[in-house]
Amino acid sequence: MSAVNDGNATTATHGGFRHHAANLLRHYSRYARLMRLHRPIGIWLLLWPTLWALWLASAGHPDPKIFLIFVVGTIVVRSAGCVINDFADRNIDAHVERTADRPLARGEVSPAEALILFVALMLIALGLVLNMNRLTLLFAGGGAAVTVVYPFTKRFLSTPQFVLGIAFAWGVPMAFAAQQGEVSRVGWLLFLAAVIWVVVYDTQYAMADRNDDLKIGVRSTAILFGDLDRLFIGGLQLLLMASLYLVGRSAELGIWYYGGLVAAALFGLYQQILIRDRDAGRCVRAFLNNAWLGGSVFVGI
């Protein structure tokens, strides 16, 4: 009889543990979704320009410590950016079909929790960058400011994508500063190319939300350029390729790099085909395709 009772108690204990673990998992998964860890596309889009810069600044041999700090820092800062973006848009996202299921929009996470999480992530990023030199620290401070400001620019600026471009490309001068102690001409050219690229893919992304954004008063380059959106994106794609070509010339890169640019140009052409009819789903596919474009440039480098 005692053995039976002990067995029942053990089963109940295991069941209670599983229930508690499941509750904890559901609770903390809200924060993971708030940081968009389940959608790594943003990590790749932020990481590629940083890797371009690290490889160019180090002539193909980045310092392992700097490499690790920048990769981890990219994930942390991107997560922080998602949190502060959703905090700023918490009263808007519920009215947009694509964003209505976000934790803040659904009330799964409170605004106070989101702010605490954002501060915690930025402190982790600060801890990482404290291992870098003074110039990198100064750039990190500027990047943090742009990260905080960007989500609020959609209310009053018709071209918030350019602000996002600066935020997402900021890893380029930081990488050069960390590796070389300065930002060379190649570094600034690469920064310009990265800014242009971000405006391209975030305009594609904004095309998917254009109707909802018009209703709720959110601004974007997709709204600003209207029927000229594809022409605007195409012009920027050409400017992106020209900028990356100048990077290759300045850094004296070889045929492999230009082969990577050809592949990137083909991905850009494919994106133009995808957004041809301005279908929301295909515009998102064009946006996602940029992970391959960025990877092509990196392989070339």
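Residues numbered from 1 in each chain as written. Predicted model: local features only at pLDDT ≥ 70, side-chain atom pairs only at ≥ 80, totals over all residues. Heavy atoms only, no water.

Describing the packing of helix α6 (residues 134–153) against helix α8 (residues 171–180)
Line of reasoning, step 1. At a minimum axis distance of 8 Å, the contact between α6 and α8 shows a crossing angle of 165 degrees. By the angle class used here, α6 and α8 are roughly antiparallel. In this structure, α6 crosses over α8, and the sense of that crossing is left-handed. Where α6 abuts α8, its residues L135, T136, F139 and A140 lie against P173, M174, A177 and A178.
Line of reasoning, step 2. For the contact of α6 with α8, the residue count by class is seven nonpolar, one polar and no charged. (Axes fitted to C-alpha atoms, helices over the stretch in contact; angles between N-to-C directions. Helix = DSSP H or I, 4+ residues; strand = E, 2+ residues; numbered from the N terminus. Parallel < 35°, antiparallel > 145°, perpendicular 65-115°, else oblique. Left-handed = near helix turned anticlockwise from the far one by under 90°. Contact = heavy atoms within 4.5 Å. Nonpolar A, V, L, I, M, F, W, Y, C, P; charged D, E, K, R; others polar.)

Brief notes about a nonpolar patch on the surface
Line of reasoning, step 1. Taken together, the side chains of V119, L123, L126, L130 and L137 present a nonpolar region at the surface, about 440 Å² in accessible area.
Line of reasoning, step 2. Top contributing element to the nonpolar patch by residue count: helix α5 (residues 111–129), with three residues.
Line of reasoning, step 3. Tracing the backbone through its elements, the reader meets V119 in helix α5.
Line of reasoning, step 4. V119 gets classed as partly exposed once you look at its relative accessible area, which sits at 46%. (Patch = residues over 30% accessible without salt bridge, like charges linked within 9 Å, V, L, I, M, F, W, Y side chains within 5 Å. Areas by Shrake-Rupley, 256 points an atom, 1.4 Å probe, with all protein chains shown as cover. Salt bridge = Lys/Arg side-chain N within 4 Å of Asp/Glu carboxyl O. Buried < 20%, exposed > 50% of the residue type's maximum accessible area, 1.4 Å probe, protein only.)

Notes on the environment of L135
Line of reasoning, step 1. As for its placement among the helices and strands, L135 is situated in helix α6.
Line of reasoning, step 2. Judged by its relative accessible area of 28%, L135 falls in the partly exposed class.
Line of reasoning, step 3. In contact with L135, other than residues within four places in its own chain, are A177, G181 and E182.

Things to note about the nonpolar core
Line of reasoning, step 1. Among the nonpolar cores identified, the biggest contains 71 residues, and F176, L190 and L244 are the most heavily contacted of them.
Line of reasoning, step 2. A total of 16 residues in this core trace back to one element, the largest contributor, which is helix α9 (residues 185–208).
Line of reasoning, step 3. If we skip the residues at most four places from it in the chain, L244 touches W52, L190, A193, Y257, L261 and V297.
Line of reasoning, step 4. One finds M35, L104, A114 and A125 within the second-largest nonpolar core, a separate group that totals 16 residues. (Core = buried A, V, L, I, M, F, W, Y, C linked by side-chain atoms within 4.5 Å.)

Focus on the environment of A208
Line of reasoning, step 1. Locating A208 in the fold gives a position in helix α9.
Line of reasoning, step 2. Among the residues examined, A208 registers a relative accessible area of 18% and is labelled buried.
Line of reasoning, step 3. Distance in space between the C-alpha atoms of A208 and D279 is 7.1 Å, their sequence separation being 71 residues.

What to know about the packing of helix α2 (residues 41–57) against helix α3 (residues 64–88)
Line of reasoning, step 1. It is at 9 Å that the axes of α2 and α3 come closest, and there the two elements cross at 155 degrees. With respect to α3, the element α2 is oriented roughly antiparallel. For the pair α2 and α3, the sense of crossing is right-handed. Only I66, F67, F70, V71, T74, I75 and R78 of α3 make contact with α2, whose side of the interface consists of G42, I43, L46, L47, T50, L51, L54 and W55.
Line of reasoning, step 2. Of the residues contributing to the contact of α2 with α3, the split by class is 11 nonpolar, three polar and one charged.

As far as function goes, none of this settles anything; it's purely spatial.
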